[in-house]
Structures are given as C-alpha cells and as structure tokens.
Amino acid sequence: MIDKYNRTIDYMRLSVTDRCNLRCKYCMPESGVSKKLHREILRHEELVEIVKAGAQVGIKKIRLTGGEPLIRKNIVELVKEISNVEGINEVTMTTNGLLLKNYLNDLKEAGLTRINLSLDTLKSDRYKSITRGGNIEDVLSCIPLILAAGLSPLKINVVLIGGFNEDEISDFVELTRHQNIEVRFIELMPIGEASRWTNDKFVSNQKVLEVVELIKIDKTHPSSPAEYYKLKDGVGKVGLINPISCSFCVDCNRIRVTSDGKVKPCLHSDQEIELMKALRNHEDIVKILRVAITSKPKEHLINDKEYKPITRDMNRIGG
Ligand code: SAM
Ligand code: SF4
C-alpha cells in the first residue's frame, strides 16, 4: 500500500514476544520487568492472521523480532506458516543468537531467508557486562553455522556505545574482509532505558569513517536505513545506520506490530493503534493496518526541542 507521502509500505516488523533471555543495559531494565499475561500477548494463530492481513495490504517482507524471538514457543512452525502466506516473499529474524544453534537448520527449512544477529562487542567480559550475563561463545559459534547454512548475507547489528565499544570498530569491520557479512553500526536511540543514559554514550556513526578507511557503495535497496561502505578488498559490507537524522524517513517502508497487539506507524512516536479487539475478524485487521499505514508521519520528530522520548523499552517494541 502507498502512504500519504507516496512511500510504498511493504515491510512489517512483527514482535513475537516481549520476553528475553538477556537484559541488555540499553534495552531493558535489570529487574522489575512486568510480565504480560499470556492472554495479553498475540497468540500463534493471531500472528499468522496479522501476516495474512498484512499481505492483503501489500506487505511482502516480515521480520520476526522481540524480545528474543527464539524463546517463543513453536517459533519454527510460525516461520513456516508465515512463509507460506501468499504474497510474503521474505521472512527474516533479528535475534541475539543465544539459542540459534538449536534452531538454525529447522528455521531455514521452514523458510527463514536471513538473520540479523545482535552483537555489540567481540570481547567475552564486555559481552557479559552489557547483556548482564550472556555467554559470547554461544553467539560467536553460530556465525560460521549461519554462513554455512547459506542464510547470507548475515547482518551483524552493533550498537555503538560511548566508552564501551568504540575501540572495537576496526575489529568488527575486519569481519567483513573475507566473509559475506554485513556489519551494521547503529546509533544508540533515545528509547526506553537508553533515553535515561547520558549524552556521552551516544556515538555518531561518523566515528566509524574516522577509524577505518572505507569505500562508499550503492544501497542494494532504496528503503534500507543503512548507508553502505566496504573495505577496498572486502567481501562483505559495512552499514552505517543513523536513526537520529531523518535521512531515511523519506524512504521508510515499514510498520511495526508489538507482541501485545499494537500497530506502531513510526518507531519514534508513542502513537499506537489497538489491534487486539480486531483480531476476530480478518477484514477488521486489514482495516486497522490500512489506518496505521495512512497515519504514518512524514518523519520522526526526535530532533525537535519539544520531543519527548518514547516510553516503551525496545524489547516491548521490537527492533
Ligand atoms: N532480542 C533480539 C536481538 O537482540 O537481536 C531482537 C530484539 S532487539 C530489541 C532488536 C535490536 O534492537 C537489537 O539489535 C538491539 O541492539 C537494538 N536496540 C535495542 N535498544 C536499542 C536502542 N536504544 N538503540 C539502538 N538499538 C537498540
Ligand atoms: Fe533482549 Fe535483544 Fe533487548 Fe538485548 S537487545 S535485552 S537481547 S531484546
């Protein structure tokens, strides 16, 4: 479907849970996370129904996210059913990777086309610290497995955090020299937990270009939020994602559905459209998705003086 600003909206980020097996410091509070009741979270059949309605309004690509999508029961079956929905030609997933080894082959067989792996450091002690307890070996060991499975390019999301991982920029870029990996540096967004962090934690992506010599290359997809670069002799790519500037609002092609059944037309706005009550009727879901697409703002307002950071933590939105 085309929105008011002539953008084709064909991408849905579908959060399948707000729960997580990690507690990344910028994403979730350490404790006191209120657990949603089972009935407050979209059921398996409802998720599939939402995708079917999405396909009807022109959605072609689904990204499953969370929370941690791999802790959702029957996730492989869900991928299979969603992949089989007519009109959906790409099903991808953003994951912290901790459980990926157990599911990789089944997910591929079920129709998963690509994976975005979140990894903010290559050092074990730092990983344990930023994730509040994660074991980096669980993530690193699945990188060759993902490549061998042909789920490529593998995208590795690195949130740049001042005083934490700036000194690892070149190590991350090095991963792209010989392998079909896209390392994507993402600027920390003032959302939920991170909105309470001090300014010195926010590092501009320009830092990457200062540290390593990269060649600019064309985007593969116009609505990709990343500007792409590569090493002179690199096989893979380096993406710089700057969500704070409005530079990619003009090409924004997505809507988000949270695991508690709200449609978010824009990540950086508190506007949410209730979907739960529409779930019994397919046409009602279609209507709500159309309303959400129609109400997509021209651009986010993060840079406005009056802007107030949104209150939902990222695990409850779906990154
Ligand atoms: N648990 C999965 C994972 O970590 O990949 C999926 C959900 S997580 C919310 C999705 C992505 O959002 C991760 O790459 C994470 O680093 C990113 N993220 C979370 N909070 C963020 C923030 N404040 N700014 C930028 N990225 C953030
Ligand atoms: Fe969990 Fe992903 Fe948030 Fe980390 S970034 S706490 S892995 S949802």
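Details of the structure are given in the entry above.
Quantities reported herein were computed from a predicted structural model and do not represent experimental measurements. (Residues numbered from 1 in each chain as written. Chains lettered and ligands numbered in written order. Predicted model: local features only at pLDDT ≥ 70, side-chain atom pairs only at ≥ 80, totals over all residues. Heavy atoms only, no water.)

(A) Looking closely at the sheet that holds strand β1 (residues 11-15). Reading across the sheet, the twelve strands line up as β7-β8-β9-β6-β5-β4-β3-β2-β1-β10-β11-β12 and stay open at both edges, with mixed pairing between neighbours. Each edge of the open sheet carries a strand with a single partner, namely β7 (215-217) and β12 (273-274). Bridge count for strand β3 (residues 90-95) against strand β4 (residues 114-118) is four bridges, and the pairing is parallel. By the bridge assignment, Met 93 is partnered in β4 with Ile 115. Here helix α2 (residues 75-83) sits on the sheet and contacts β1, β2 (61-65) and β3; the angle it forms with β3, its principal contact strand, is near 150°. (Pairing = 2+ DSSP bridges. Helix = DSSP H or I, 4+ residues; strand = E, 2+ residues; numbered from the N terminus. Contact = heavy atoms within 4.5 Å. Axes fitted to C-alpha atoms, helices over the stretch in contact; angles between N-to-C directions.)

(B) Geometry of the site of ligand 2. Near ligand 2 you find Cys 20, Leu 22, Cys 24, Cys 27, Met 28, Gly 67 and Asn 96, and these make up its full shell. Taken together, the residues that form the shell around ligand 2 break down as five nonpolar, two polar and no charged. (Near = heavy atom within 4 Å. Nonpolar A, V, L, I, M, F, W, Y, C, P; charged D, E, K, R; others polar.)

(C) Just the site of ligand 1, in detail. In the region of ligand 1, 18 residues are neighbours, and Tyr 26, Gly 67, Ser 118, Met 189 and Met 314 sit closest. Tyr 26 places a side-chain nitrogen or oxygen 2.8 Å from an oxygen atom of ligand 1. Separating a nitrogen atom of ligand 1 from a side-chain N or O atom of Glu 68 is a distance of 3.2 Å. Here ligand 1, which alone exposes 550 Å², has 95% of that area covered by the protein. For the shell around ligand 1, the elements supplying multiple residues, two or more each, are β3 and β5 (154-160). (Polar contact = N/O pair within 3.5 Å; in protein donor to acceptor, adjacent residues only side chain to side chain. Areas by Shrake-Rupley, 256 points an atom, 1.4 Å probe, with all protein chains shown as cover.)

(D) Layout of the packing of aromatic side chains. Considering all chains together, one arrives at two aromatic pairs under this definition. Centre to centre, the rings of Tyr 26 and Trp 197 are 6.4 Å apart; their planes meet at 85°, and the pair counts as edge-to-face. Of this pair, Tyr 26 sits in the loop between β1 and α1 (44-56) while Trp 197 sits in the loop between β6 (181-187) and α8 (206-211), and the two are 171 residues apart along the sequence. Both residues of the pair, Tyr 26 and Trp 197, count as buried. With a centroid separation of 6.3 Å and 90° between ring planes, the pair formed by Phe 172 and Phe 185 is classed as edge-to-face. Taken together, the positions of Phe 172 in helix α7 (residues 169-178) and Phe 185 in strand β6 put the pair 13 residues apart, joining distant regions of the chain. Directly above the aromatic system of Tyr 11 lies the positively charged group of Lys 61, at a separation of 4.5 Å from the ring centroid. In this arrangement the basic side chain of Lys 201 is found over the ring face of Trp 197, its NZ or CZ atom lying 5.9 Å from the centre. (Phe/Tyr/Trp six-rings, centres within 6.5 Å; stacked < 30°, edge-to-face > 60°. Buried < 20%, exposed > 50% of the residue type's maximum accessible area, 1.4 Å probe, protein only. Lys NZ or Arg CZ within 6 Å of the ring centre and 35° of its normal.)

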